[in-house]
Amino acid sequence: MKNTFGTSVTMTVFGESHGEAVGVVLDGVAPGIDVDENYIKACLARRAPSMTTDTARRENDEFRILSGVFSGKTTGTPICIIVPNENQRSKDYEYGIARPAHADFSANQKYHGFEDYRGGGHFSGRVTAGIVAGGAILQKALQDIGVTVATHISECAELRDKAFYDIKRDRLTLDCAKFPILDEEVANGMIKAIEQAKADGDSVGGIVETAISGIPSGVGEPWFDSVESVLSHALFSIGGVKGVEFGDGFAIAKKRGSEANDVLEYEDGKVVVSRNSNGGVNGGITNGADVIFRCAVKPTPSISKTQNTVNFVKGENATLEIKGRHDPAIVRRICPIIDAVSALCVCDMLAQRYGTDVLKRGVER
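Residues numbered from 1 in each chain as written. Predicted model: local features only at pLDDT ≥ 70, side-chain atom pairs only at ≥ 80, totals over all residues. Heavy atoms only, no water.

Where helix 3 (residues 128–144) contacts helix 8 (residues 331–354), the two axes come as close as 8 Å, and the packing angle between them is 50°. What the angle tells us is that helix 3 and helix 8 run oblique. When you trace helix 3 past helix 8, the crossing you get is left-handed. Side by side, helix 3 and helix 8 meet where T128, I131, V132, G135, L138, Q139 and L142 of the first sit next to P336, I337, D339, A340, V341, A343, L344, V346, C347 and L350 of the second. Grouping the amino acids of the contact of helix 3 with helix 8 by side-chain chemistry returns 13 nonpolar, three polar and one charged. (Axes fitted to C-alpha atoms, helices over the stretch in contact; angles between N-to-C directions. Helix = DSSP H or I, 4+ residues; strand = E, 2+ residues; numbered from the N terminus. Parallel < 35°, antiparallel > 145°, perpendicular 65-115°, else oblique. Left-handed = near helix turned anticlockwise from the far one by under 90°. Contact = heavy atoms within 4.5 Å. Nonpolar A, V, L, I, M, F, W, Y, C, P; charged D, E, K, R; others polar.)

Quick look at the structure:
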């Protein structure tokens, strides 16, 4: 099992949905970085189910930092964080009945029946609690050197939020928003649409948009370790993400070069990008503009409608109506997960460019 991501700054995930705990190990984090446990709690609260649009499974997410932090500062050694599981209902899951669009069958084929199937086991969205906790440390470190990450729901149930405009202000708005939308009226419409899908025993997907602001130009590599490659690799590791596009994305194919090319100009002695069609990246390397990307998030596969499937233990066709607790949409709760994964990628790329102490000393601009 490959559960570690990163080269200089790495994150290893562990745990299962109905096991004792989930968690992460962060390695390569510079010593002396402030660890704000209240900020970690706030990030976990953004991920936690708390609305009518979320699963009924509620967890306290009382995380524990077991190593790598002393007197509120990182020590430079591996940081281990665990988030205990407290609210499991394993009886809701029958082994052998493959839930459509879940990993039940594919996991069985890879692990020959030895996988922990309860609640999806290691494939469960519950594992992301550890990712968010570890990512919060990295996000705060980035903020302290002037790099911010923000994600909002761009589209859900055929409703669209307004685009990012003032990234710094928008991030503060999203940090305070229970439902990560920039336009409150659109938020109300999305919530009603998700609630209706829930009432129908169904689910909806959506598109989320992320802006990484303050990342200096010259970060990343051409070809196989391009900024887009690294981010996409990590983003596609999040369950539910089925598409990633940068800048204008697929829409750029409909434009002429005169419309799609990034416009460069000097402003106060520095090169700036006044048209950001490519999402802040040229040749796989940052150009100093905001790195903008969107993720397509599929509808939650757990629905209450009767579906055709198979019983791979008995070797026969079957039907399934899922009775357990599930989210009618995951676009709200996936936003802090994307923030955490993006922060990991940025920290790793910065460390490769400037050295592992970059999160402590920052970047000369």
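So much for the structure itself; the text now carries on.
Here the focus is the packing of aromatic side chains. What the rule picks out here adds up to four aromatic pairs. Ring geometry for Y95 versus F312: centroids 5.6 Å apart, planes at 85°, classification edge-to-face. Linking Y95 in the loop between strand 7 (79–84) and helix 2 (104–111) with F312 in the loop between strand 17 (307–311) and strand 18 (316–320), this pair joins segments that are 217 residues apart in sequence. Three or more aromatic residues link up through ring pairs in this structure, and these residues are Y95, F105, Y117 and F312. (Phe/Tyr/Trp six-rings, centres within 6.5 Å; stacked < 30°, edge-to-face > 60°.)

The phi angle of most residues is negative, glycine excepted, and most peptide bonds adopt the trans form. Phi at S71 takes a positive value of approximately 55°, unusual for a residue other than glycine. Among the secondary structure elements, S71 is positioned in the loop between strand 5 (69–70) and strand 6 (73–74). Using a relative accessible area of 65% as the deciding quantity, one classes S71 as exposed. In this structure, A157 is a non-glycine residue whose phi angle is positive, near 55°. Note that A157 resides in the loop between strand 8 (148–156) and strand 9 (159–160). (Buried < 20%, exposed > 50% of the residue type's maximum accessible area, 1.4 Å probe, protein only.)

Should the charged atoms of two oppositely charged side chains come close, the side chains can pair. On inspection of all chains with the given rule, the structure shows 14 salt bridges. Among the salt bridges present, the one from D104 reaches R99, with a minimum N-O distance of 2.8 Å. By the burial criterion, D104 is buried, and R99 matches it. (Salt bridge = Lys/Arg side-chain N within 4 Å of Asp/Glu carboxyl O.)

Now for empty space enclosed by the protein. Scanning all chains against the criterion turns up one cavity of 30 Å³ or more. A volume near 50 Å³ is recorded for the largest cavity. Every element with two or more residues in the lining of the largest cavity is listed here: helix 1 (37–47), helix 3, strand 8 and helix 4 (167–176). Its residues placed into classes, the lining of the largest cavity shows four nonpolar, three polar and four charged. (1 Å grid on protein atoms, 1.4 Å probe; cavity = no way out; pocket = protein on both sides within 12 Å on 5 of 7 lines; lining within 4 Å. Points joined across faces, edges and corners; volume = space filled by probe spheres on them.)

So, about the pairing of strand 7. Most of strand 7 sits out of view: five of its six residues are buried. When strand 3 (residues 21–27) meets strand 7, the two strands line up antiparallel, connected through six bridges. Paired with G23 across the bridge in strand 7 is I82. By the bridge criterion, three bridges tie strand 4 (residues 64–67) to strand 7 in an arrangement that is antiparallel. Bridge pairing in strand 7 links S67 to C80. (Pairing = 2+ DSSP bridges.)

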